[in-house]
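# Inside the fold
Listed here are the chains, written in short residue letters.
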Amino acid sequence: MHLQKTTLPLLLLCLSCAAWAQTGITLRQAAQGKFHVGVAINTSQIEAADAKEDRIITQQFDSISPENALKWERLHAKPGVYDFALADRYVDYGTKHHLYTVGHTLVWHSQVPDWVFESTPGKPITRAALLERLHDHIFAVVGRYKGRIQAWDVVNEALNDDGSLRDSKWRQILGDDYIVQAFRWAQEADPQAELGYNDYSLENPKKLAGAIAIVKKLQTAGVKISYVGIQGHDHLDWPSNSDETQTIEAFARLGVKVAITELDIDVLPSAWGHSADVSLKHTADAKLNPYPKALPEDVSRQLTQRYADLFRIYAEHRQSVERVTLWGLSDRDSWLNNWPVVGRTSYPLLFDRKGDPKPALLAVEDVLQK
Ligand code: 9MR
């Protein structure tokens with residue numbers, strides 16, 4: 001075959017791409033034997049609407065979480081009426097691709113409709129009636145996916161930043177014991193499922209103490225808690241490597257596993273500290289959106305380093321860390337594009353807006369293979 005002068009360099013380039021693709025390892029291969037690597041997926045990803053995204057999910061990850069599809073308002077928007085259509089597709093997706101499938105979440109103060117806490121509109125419900133609603137919800141949802149959802153975030157974000165219990169409607173109406181009650185029913189509904197308590201900012205000592213108290217209370221009551229979900233809504237400058245290490249080790253000492261459940265690393269300026277409280281809102285300001293076109297090289301390097309450091313810590317604690325889940329597939333999907341300021345351009349994940357791997361992904365794979 002006669003090759004034209006211009007064809008040869010192209011051919012060589014393609015051959016080297018193919019060679020890279022052959023030797024290039026996927027994230028799930030790099031993490032094999034250490035922990036699951038997961039990704040939170042949205043409605044279009046559950047529906048496999050985009051072939052490229054679908055390939056990334058199934059090739060790079062071995063676990064999925066539902067970003068919103070299993071929250072109370074989606075499953076159970078009206079009294080006595082469940083809509084499992086999307087949740088069924090989510091669980092079918094996990095089953096079809098043999099992915100460790102996570103349920104998120106049963107009890108949360110957010111994304112739960114008002115009717116749950118009212119007997120008639122505007123009138124608060126009694127404790128007994130709310131217990132019955134919680135019981136029915138847990139048994140309907142956990143029971144439906146028994147054996148197909150491997151882990152449930154049973155209670156989400158029950159703590160204030162100072163480590164005290166958040167005064168949610170759950171707590172106001174049911175009292176502090178609502179957490180034990182929810183775990184007990186989840187355990188009854190699927191005795192094999194792993195059950196977790198999930199929260200953000202657990203690296204802060206006061207909040208960590210609050211989470212430890214929750215774990216101990218469940219253990220004392222003889223109710224199963226398998227893992228604590230450290231959400232991992234991190235920043236370039238927070239938490240420190242030593243805080244992250246100490247937090248994982250504090251839970252390990254209690255005999256529970258740790259899952260990093262919602263990892264992303266915010267590179268944008270924050271005028272509201274490090275909280276991941278969904279109720280926070282902040283007005284738009286160009287200073288808070290400094291990279292509308294592209295991430296500068298030096299910030300990209302910091303992000304890469306940060307991902308590498310965190311995964312090194314997770315890998316060092318592989319006896320305790322059973323899963324690391326990214327909260328979104330690509331930067332385009334991230335909730336951080338719209339929280340707490342609407343319309344920012346955010347860069348917190350391992351795949352860029354086009355769904356291409358970022359240097360951080362390669363750095364993480366490298367760390368995991370050492
Ligand atoms: O990523 C979710 C986003 O799409 C929703 O708008 C938001 C609404 O509450 O919830 C986000 O997910 C949250 C998760 O369920 C719990 N921890 C904080 C996450 C980010 O807000």
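Residues numbered from 1 in each chain as written. Predicted model: local features only at pLDDT ≥ 70, side-chain atom pairs only at ≥ 80, totals over all residues. Heavy atoms only, no water.

### Concerning helix 6 (residues 85–96)
Its 12 residues give helix 6 an end-to-end C-alpha distance of 16 Å, which sits within 8% of 16 Å, the value for a rise of 1.5 Å per residue. Among all positions in helix 6, only Leu86, Ala87, Tyr90, Val91, Tyr93 and Gly94 are buried. Along the long axis of helix 6, the arc covered by the buried residues comes to 150°, so they all point the same way. Buried residues belonging to helix 6 abut strand 1 (36–41), helix 3 (43–46), helix 4 (51–60), strand 2 (63–66), helix 5 (72–75) and strand 3 (100–107). Just downstream of helix 6, His98 is the residue with a positive phi angle, here 55°. (Helix = DSSP H or I, 4+ residues; strand = E, 2+ residues; numbered from the N terminus. Expected span 1.5 Å × (residues − 1). Buried < 20%, exposed > 50% of the residue type's maximum accessible area, 1.4 Å probe, protein only. Arc of directions from axis to C-beta. Contact = heavy atoms within 4.5 Å.)

### Some thoughts on the pairing of strand 6 (residues 151–156)
For strand 6, a buried count of 6 out of 6 residues is recorded, marking the element as mostly surrounded by other parts of the structure. Pairing geometry for strand 3 and strand 6, over 4 bridges, is parallel. Paired with Gly103 across the strands is Trp152, a residue of strand 6. Here 5 bridges tie strand 6 to strand 7 (residues 194–199), and the two strands are oriented parallel to one another. Looking at the pairing, Asn156 lines up with Asn198 of strand 7. (Pairing = 2+ DSSP bridges.)

### Some points on the confidence of the model for the protein chain
Residue-level pLDDT values for the protein chain average 94, and 94% of them are 70 or greater. Confidence drops under pLDDT 50 across residues 1–23; counting only partners more than four residues distant or on other chains, this segment forms 3 contacts. (pLDDT = per-residue confidence, 0-100.)

### A few points about the environment of Tyr197
Mapping Tyr197 onto the fold places it in strand 7. Taking the C-alpha atoms as reference points, Tyr197 and Asp153, separated by 44 residues in sequence, lie 5.9 Å from one another. Leaving out residues up to four positions away in the same chain, Tyr197 has contacts with Val155, Glu157, Ala158, Leu159, Phe183, Ala211, Ile214, Ile225, Tyr227, Val228 and Gly229.

### Examining the side chain of Ser346
Mapping Ser346 onto the fold places it in the loop between strand 11 (321–326) and helix 13 (359–369). Residue Ser346 is classed as buried on the basis of its relative accessible area of 0%. Leaving out residues up to four positions away in the same chain, Ser346 has contacts with Asp266, Leu268, Asp331, Leu336, Asn337 and Arg353.

### Comments concerning the site of the ligand
Near the ligand you find 15 residues, and of these Glu67, Lys71, His104, Glu157 and Glu262 are the closest. One nitrogen or oxygen atom from the side chain of Gln111 is found 2.9 Å from an oxygen atom belonging to the ligand. In the model, a nitrogen atom of the ligand is placed 2.7 Å from a nitrogen or oxygen of the Glu262 side chain. Isolated, the ligand exposes 450 Å² of accessible area, and the fraction of that covered by the protein chains is 83%. Class assignment for the residues of the shell around the ligand results in 4 nonpolar, 7 polar and 4 charged. (Near = heavy atom within 4 Å. Polar contact = N/O pair within 3.5 Å; in protein donor to acceptor, adjacent residues only side chain to side chain. Areas by Shrake-Rupley, 256 points an atom, 1.4 Å probe, with all protein chains shown as cover. Nonpolar A, V, L, I, M, F, W, Y, C, P; charged D, E, K, R; others polar.)

### Observations regarding the side chain of Ser226
One can find Ser226 in the loop between helix 10 (205–220) and strand 8 (227–230). The class for Ser226 is buried, based on a relative accessible area of 14%. Once residues lying within four places of it in the same chain are set aside, the contact partners of Ser226 are Ala193, Glu194, Leu195, Val256 and Lys257.

### Re the packing of aromatic side chains
In this structure the tally under the stated criterion is 11 aromatic pairs. Taking 6.4 Å as the distance between ring centres and 50° as the angle between the ring planes, the aromatic pair formed by Phe35 and Phe311 counts as tilted. Within this pair, whereas Phe35 is found in the loop between helix 2 (27–31) and strand 1, its partner Phe311 is found in helix 12 (residues 297–316), the two being separated by 276 residues in sequence. For the pair shown, Phe35 and Phe311 are each scored as buried. These aromatic residues form a ring-pair network of at least three members: Phe35, Tyr307, Phe311 and Tyr314. The aromatic ring of Tyr200 is capped on one face by Lys207, whose charged end is 3.6 Å from the ring centroid. Here Arg353 stacks its cationic end above the ring of Tyr347, 5.4 Å away from the centre of that ring. (Phe/Tyr/Trp six-rings, centres within 6.5 Å; stacked < 30°, edge-to-face > 60°. Lys NZ or Arg CZ within 6 Å of the ring centre and 35° of its normal.)

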